[in-house]
Each structure stands twice: as structure tokens, then as C-alpha cells.
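Understanding the architecture of this molecule
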Amino acid sequence: MCLYVRSLKISEGNKIQRVLRHGRNAIYVRRCQVLLASDQGMKVPEIAETYYLSEDHVRRLIRQFNREGLESLKPKKPGGKEPTFTEE
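Residues numbered from 1 in each chain as written. Predicted model: local features only at pLDDT ≥ 70, side-chain atom pairs only at ≥ 80, totals over all residues. Heavy atoms only, no water.

Points about the environment of R21
As a reminder of what qualifies: Strands are runs of DSSP state E lasting at least 2 residues, helices are runs of H or I lasting at least 4, and numbering of each runs from the N terminus. When accessible area is computed with a 1.4 Å probe and restricted to protein chains, residues below 20% of their type maximum are described as buried, those above 50% as exposed, and intermediate ones as partly exposed.
The residue R21 is located in helix α1 (residues 10-22) in this model. Residue R21 is classed as exposed on the basis of its relative accessible area, which comes to 61%.

See below:
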């Protein structure tokens, strides 16, 4: 069974195109490239080879997008405690 992104809405497609043209965050741009490739019919192994990613990562991106939409593309803030600084 092949995994593909769900059908993109026009607004989602426009947003992805805008990010690909003017995006400054490399992670965000790469994720948009993966989704667009999947929407155009490329299979997971082809996408992984083209963009030098693991197949597992490509599948994870596609599944997240299918569940959450464009919000899944934004890089997550790293967890952990905020650093605390003293006067020293």
C-alpha cells in the first residue's frame, strides 16, 4: 500500500507554493517539498531518495500532515527547561 498526502485544498497548495518560493526556514521548506512531491504522485522511497531523507521520516511527515494539516509543518520548539542565568 502506498502512502500519499490527502488532497490539498487550494489554500494549502497556495501556502506551500509561497513557502517554496520565499521560505527562509530550511526545515519548513524541506517539509513542503516532501508534501508537494507526494501530492504529485511520487512514492515514499522516491521522495526519500530525492531529498536525502529516511523513508520513515517521509512517512511521518505525510501522516502528520494528513492528521493536522499545515500546522504539522512548523518546526517544534525544543523541549526542556528554559536556561536560567545568574548575575555572575
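Moving on from the coordinates now.
Points about the pattern of salt bridges
The following threshold applies: Salt bridges are identified by distance alone: a Lys or Arg side-chain nitrogen within 4 Å of an Asp or Glu carboxyl oxygen.
A full pass over the atoms with the stated rule returns three salt bridges. In this structure, E12 engages R6 in a salt bridge whose closest nitrogen and oxygen atoms are separated by 2.8 Å. One salt bridge in this structure joins R59 and E55, with 3.3 Å as the shortest N-O distance. With R59 and E55 both in helix α4 (residues 55-68), this residue pair falls four residues apart, about one helical turn.

Digging into α4
Note the threshold: What a helix is expected to span follows from its residue count: subtract one and scale by 1.5 Å. This arc is taken over the directions from the axis of the helix to the C-beta atoms. Here, two residues are considered to be in contact whenever any of their heavy atoms come within 4.5 Å of each other.
Helix length check: α4 (14 residues) gives 20 Å between terminal C-alpha atoms against 20 Å at 1.5 Å per residue, within 8%. By the burial criterion, the buried members of α4 are V58, L61, I62 and F65. The buried residues of α4 occupy an angular sector of 95 degrees when the element is viewed end-on, so they sit on one face. Of the exposed residues in α4, the ones pointing more than 90 degrees away from its buried face are D56 and R67. Buried-residue contacts for α4 involve α1, α2 (26-39) and α3 (44-51). Once α4 finishes, G69 follows within two positions and takes phi at roughly 80 degrees, a positive value.

Some points on α1
Helix length check: α1 (13 residues) gives 18 Å between terminal C-alpha atoms against 18 Å at 1.5 Å per residue, within 8%. Among all positions of α1, only E12, G13, I16 and V19 are buried. One side of α1 holds all its buried residues, which, seen down the axis, span an arc of 125 degrees. Exposed residues pointing more than 90 degrees away from the buried face of α1 are listed as I10, S11, R21 and H22.

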